[in-house]
Amino acid sequence: MENTYNPAGIESKWQQSWTEQNLYKTDTTSSKPKFYALSMFPYPSGNLHMGHVRNYVITDVVARHKRMQGHRVLHPMGWDAFGLPAENAAIERGIHPATWTYQNIAHMRSQLQKLGLSIDWDREIATCSPEYYRWTQWIFLKFYEGGLAYQKDGMVNWDPIDQTVLANEQVDGDGRSWRSGAIVEKKALKQWYFKITEYAEQLLTDLDQLSGWPEKVRTMQANWIGKSIGANLEFPIVGASEKITVFTTRPDTVYGVSYVVLAPEHPLTVQVTTSDQKAAVDAFIAEVKRQSEIDRTAEDQPKRGVPTGAMAINPFTGAEVPIWIADYVLYEYGTGAVMGVPAHDVRDFKFATQYQLPITQVIAATAQDPSNLAPLTAAYTEAGTIVNSSQFDGLDSVTAKKSIIEYAEQHGYGNGKIQYRLRDWLISRQRYWGAPIPMIHCPKCGTVPVPEADLPVRLPEDVEFTGKGGNPLAQLESWVNVPCPSCGAPAKRETDTMDTFVDSSWYFLRYPDAGNDEQIFDPKITNDWMPVDQYVGGIEHAVLHLLYARFFTKIVRDFGAGDGGKTKLLNFDEPFKYLLTQGMVQSTTYKNPQTGKYIEPATVLDRAHPTDPVTGSALEVTFDKMSKSKYNGIAPEEVIGKYGVDTARMFILFKAPPEKDLEWDDADVEGQFRFLNRLWRLVMAAKPATTSSSGELSKSEKDLRRFIHHAIQAITEDLDGDYQFNTAVSELMKLSNAITDADCKDSPIYAEGIETLLILAAPFAPHMTEELWQLTGHTGSIHEQSWRQFDPAALVADEITLVIQVMGKTRGTIQVPATKDSATLEAHARESAITKKFTEGKEIKKVIVVPGKLVNFIIG
RNA sequence: GGGGGUGUGGUGGAAUGGUAGACGCAACAGACUUAAAAUCUGUCGUCCGUAAUGGAUGUGCGAGUUCGAGUCUCGCCACCCCCA
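Peer 1: Could you give an account of the nonpolar core, naming the residues involved and the relevant values?
Peer 2: Trp425 and Phe764 are the most contacted members of the largest nonpolar core, which totals 178 residues. Among the nonpolar cores identified, the runner-up in size contains 38 residues, and Leu233, Val272, Ala337 and Ala408 belong to it.

Structure representation (structure tokens):
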């Protein structure tokens, strides 16, 4: 008999036993309701970190709870295994990316297995295996067939460190690469794109279906898609046949246009520039090229521009206005040209003030004579009444917007237009370790898709990684040169590989039927399990992965299943029903504010007054995301080695609500370990009941039973609703405390308490509860037990605590027999000494009774 | 500038409009021990009184709604995130 809690022995024993029993193999035969629990799969960097642990433990608790509640649960794991670090390892250490990746996978898998996760490992996938990327390529071909994959020349984001292009979503707010952190450059290149813009409207409107997603993530996606409703208006150029098309969301301000601006890159720029402005325009274009997009459009930056010397005509007024070029207009957005309305746009106002361009107000806060308007000191961007606008004067600006678009359409000045901020997704990468794009370039036939039967296009293995001279695939003649599948003439393979975000955009569709080598998946099986009932991952994917995955789901839904489109592959619109974005794991970070250097915690002697061990100056203490460069990482192995994984799981779940950042604190981990030890002793000290359960329960038994059933109710609600694991763990503690203090240790109710406590704790601390389950004489795994139901009758107390308030102020409490009858409660309250003390000599004007809770006396 | 979020003890955090601070951590006091650890018991927002089962005050600030506001409404302030 074990007398002390020894996590190490228990944990490895049960992990092995569960594997042997196939306890977590997915139930594919029963008719139970399904539940698909999914964590965002990891990149196999080589080491598990605390962020992973938090992510997978959350999903595991959900999966375990659902299983006990009688669901068949799909809880798989896999590897987002293509990507640059593998290739960098090859360059730096001469190890092949595949070898490096599979070694990391093996190591991380063994680390994951120590977390006691209820994962079905039979469904493990790795995106870098040909069995998987064959289907990534298959999807690409379907995209191509459907006109959703195409090549185009354009100005693209170039990461100078990773030596590859990036999609817009992969460049952060500071203009840096999401991966390397390098400042992204602009380059003109021919690249492959997916036409995500075709689905912009669906991606936007279907956000409404996602009531199980955090509001924040939905807002971020809506902002990213960036729908704006406005118009394209055409401004003829004086002395030329071309017109400048501007996109505007404010057609109601068209009578206030005082200039038109072209993006410096706009093809018309060169054409319209007059000879005496040519030098200035050329110089300006060269300068703008050196600026990042962020610098160009940030509102606090000065707006700069030069006139082209040409004039355009405002079709509404017939007035001639100058054509400028300016840095704040981007060729990639809208039509690459805007109309300048300084009176009603903040940036235009600044620009016009700077270059002394006229400012004409055409919207006023209230209807008034335009001659009375005071000169504007800032742009007026609100809605209002139209002035100075010919026949539209007097309209409110919202109505005017519609009227002006109608007028433009009738007179051929332009048309209403919906514009999205979302750009097409650039998916080609000039790197080796990714899924090859299955296309062949033939001098005669052009770009030809690889026939489906020839998939996968395997990555060649005999490749040299020098880190110089671009994509190593392009240099491998034996691989590049192939006969054209269409005409047989010598042709060349596409050497770009796909963005790794392509691989991860559909993996969740593969798990339900992971071993299928005939089809991407059997639609019957995938449609049965999908959508994912609970998806858990980091907020950093709010736009990136989650937007791409939604896009893929819609496209795959719209593919036929190979029978000419009769059968749809998917029968749902959205892949992830509920989304939980877990917070970061942070830990204490020491920084010397003078030198800006991070200090290793091990070298900080006095944690209360930390000082730099070298300079002796006081250190700045913060909580930051764990990272190597900040020396603040906590290795999961260390914690597990010291306390066991059950303690780590409980701590992570208890310390903070799942969506908030979690501050790692060793003392709190200790506290959690102490709780598990208390729990162990409590269960081990329990003896079989010696009294019988027949007859009336004693007060102590009733109280304990109420506590037990309250805990069942509270924990079930915490796990079924908004995932409040922290309060669920605290309920476990309360129940444990209540049992410890209970005065009926030989009663069957006490035994019920111990058993319920173990069942309720099982999803959280699976190893310890399993061990105790066996030690207390049960057979079968605790994880196959049914989740407990609470008995509403047990929650009813004989006596309740009634709060006495006078004038809304709490004055005390009394114990009264439980009743819902207001008159009885009021009578009890009136009799109490508390009430008498505070109402003495005053008239009670009104009494408010909240049955079961309180009585409030209003006195005069 | 627009949108979203957050603000509660020394600290992490709890509170269907109904006793604010559950449950932990830290701290302090005590028991046990030769001693320490572990364990157990107690105290723990602030101020006043300290005989209390006492009083006042208290959830960023200011108003409002309500019998009653951490919670709802309005206006500020600070910080964070996203978009410009």
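Peer 1: Before we move on, can you summarise empty space enclosed by the protein with the specific residues and values?
Peer 2: Overall, the coordinates contain one cavity of 30 Å³ or more when judged by the stated rule. Estimates place the volume of the largest cavity at around 30 Å³. Arg54, Ile58, Ile652, Leu653, Ala656, Pro657, Pro658 and Phe725 together form the lining of the largest cavity. Taken together, the residues of the lining of the largest cavity break down into seven nonpolar, no polar and one charged.

Peer 1: Quick rundown of the sheet that holds strand 16 (residues 414–419)? Include the residues and the values.
Peer 2: Note on sheets: strands pair through backbone hydrogen bonds, and any given pair is parallel or antiparallel. Taken together, the three strands give an open sheet; going across it, the order is 9-8-16, and neighbouring strands pair in antiparallel fashion. Of all strands in the sheet, those bounded by a partner on one side alone are strand 9 (243–248) and strand 16. Here the average twist between neighbouring strands, direction ignored, is 30°. Where strand 8 (residues 228–236) and strand 16 come together, six bridges link them in antiparallel fashion. Of the residues in strand 16, the one forming a bridge with alanine 231 is glycine 416. Where helix 12 (residues 397–411) meets the sheet, it contacts strand 8 and strand 16, and its direction lies at approximately 125° from that of strand 16.

Peer 1: Give a detailed account of the pairing of strand 10 (residues 259–262), specifying residues and quantitative values.
Peer 2: Of the two faces of strand 10, both are covered, the one formed by Tyr259 and Val261 as well as the one formed by Val260 and Leu262. The pairing of strand 10 with strand 13 (residues 337–340) spans four bridges and is classified as antiparallel. Note that in strand 13 the partner of valine 261 across the bridge is valine 338. Of the strand pairs in this sheet, strand 10 and strand 12 (residues 320–326) are connected by three bridges, and their pairing is parallel. Bridge assignment links valine 260 to a residue of strand 12, and that residue is isoleucine 323.

Peer 1: So what's going on with the protein's contact with RNA strand B? Residues and values would help.
Peer 2: Surrounding RNA strand B, one finds 41 residues, the nearest of these being Arg421, Lys655, Asp668, Met733 and Asn856. Taken together, the sugar and phosphate atoms account for 72% of what RNA strand B places within 4 Å of the protein. One nitrogen or oxygen atom from the side chain of aspartate 668 is found 2.8 Å from a sugar or linking oxygen belonging to RNA strand B. The contact in question runs from a phosphate oxygen of RNA strand B to an N or O atom on the side chain of asparagine 737, over 2.8 Å. Split into classes, the residues belonging to the surface near RNA strand B amount to twelve nonpolar, 13 polar and 16 charged.

Peer 1: Residue-level account of the sheet that holds strand 13, with values.
Peer 2: Taken together, the four strands give an open sheet; going across it, the order is 11-12-10-13, and neighbouring strands pair in mixed fashion. In this open sheet, the two edge strands, each paired with only one partner strand, are strand 11 (305–313) and strand 13. Taken over all neighbouring pairs, the strand axes of this sheet differ in orientation by 30° on average, direction set aside. Its contacts with the sheet place helix 9 (residues 278–289) against strand 11 and strand 12, and it is angled at close to 120° to strand 11.

Peer 1: Please give an account of the packing of aromatic side chains that cites residues and values.
Peer 2: Taken as a whole, this structure holds 45 aromatic pairs when the rule is applied. With a centroid separation of 5.8 Å and 70° between ring planes, the pair formed by tyrosine 199 and phenylalanine 551 is classed as edge-to-face. Note that tyrosine 199 is positioned in the loop between strand 7 (185–194) and helix 6 (200–205) and phenylalanine 551 in helix 17 (residues 544–558), a separation of 352 residues in sequence. Accessibility assignment for this pair places tyrosine 199 and phenylalanine 551 in one class, buried. Lying across the ring of tyrosine 150, lysine 195 places its NZ or CZ 5.6 Å from the centre. Directly above the aromatic system of tryptophan 224 lies the positively charged group of arginine 421, at a separation of 4.3 Å from the ring centroid.

Peer 1: Describe unusual backbone geometry, naming the residues involved and giving the relevant values.
Peer 2: Trans is the common state for peptide bonds, and a negative phi is the common state for residues other than glycine. Omega for the peptide link from leucine 455 to proline 456 comes to -5°, which places this bond in the cis form. For asparagine 22, which is not glycine, the phi dihedral falls at a positive 55°. By the element assignment, asparagine 22 lies in the loop between helix 1 (7–21) and strand 1 (34–39). By relative accessible area, asparagine 22 is classed as partly exposed at 47%. For serine 390, which is not a glycine, the phi torsion comes out positive at approximately 55°.

Peer 1: Any details on helix 1? Residues and values, ideally.
Peer 2: The terminal C-alpha atoms of helix 1, which comprises 15 residues, lie 21 Å apart, in line with the 21 Å expected from a rise of 1.5 Å per residue. Where helix 1 is buried, its residues meet helix 2 (50–68), helix 4 (97–113), helix 18 (636–643), helix 19 (645–655), helix 20 (666–685) and helix 24 (766–775). Phi turns positive one or two residues past the end of helix 1, at asparagine 22, with a value near 55°.

Peer 1: Before we move on, can you summarise the pattern of salt bridges with the specific residues and values?
Peer 2: Here the structure, examined in full by the defined rule, presents 32 salt bridges. Among the ionic pairs, lysine 142 bridges to glutamate 452, the shortest N-O distance being 3.9 Å. One end of the pair, lysine 142, is in helix 5 (residues 130–145); the other, glutamate 452, is in the loop between strand 20 (446–449) and helix 13 (477–480), and 310 residues separate them in sequence. By relative accessible area, which is 14% here, lysine 142 ends up buried. By relative accessible area, which is 41% here, glutamate 452 ends up partly exposed. A salt bridge links aspartate 703 to lysine 699, with the nearest nitrogen and oxygen atoms 2.8 Å apart. Of this pair, aspartate 703 and lysine 699 both sit in helix 21 (residues 699–720), four residues apart, which is roughly one turn of that helix. A relative accessible area of 61% means that lysine 699 is categorised as exposed. The network of salt bridges with common partners includes Asp206, Arg550, Lys554 and Glu574.

Criteria and cut-off values
Residues numbered from 1 in each chain as written. Chains lettered and ligands numbered in written order. Predicted model: local features only at pLDDT ≥ 70, side-chain atom pairs only at ≥ 80, totals over all residues. Heavy atoms only, no water. Core = buried A, V, L, I, M, F, W, Y, C linked by side-chain atoms within 4.5 Å. Buried < 20%, exposed > 50% of the residue type's maximum accessible area, 1.4 Å probe, protein only. 1 Å grid on protein atoms, 1.4 Å probe; cavity = no way out; pocket = protein on both sides within 12 Å on 5 of 7 lines; lining within 4 Å. Points joined across faces, edges and corners; volume = space filled by probe spheres on them. Nonpolar A, V, L, I, M, F, W, Y, C, P; charged D, E, K, R; others polar. Pairing = 2+ DSSP bridges. Helix = DSSP H or I, 4+ residues; strand = E, 2+ residues; numbered from the N terminus. Axes fitted to C-alpha atoms, helices over the stretch in contact; angles between N-to-C directions. Contact = heavy atoms within 4.5 Å. Near = heavy atom within 4 Å. Polar contact = N/O pair within 3.5 Å; in protein donor to acceptor, adjacent residues only side chain to side chain. Phe/Tyr/Trp six-rings, centres within 6.5 Å; stacked < 30°, edge-to-face > 60°. Lys NZ or Arg CZ within 6 Å of the ring centre and 35° of its normal. Expected span 1.5 Å × (residues − 1). Salt bridge = Lys/Arg side-chain N within 4 Å of Asp/Glu carboxyl O.

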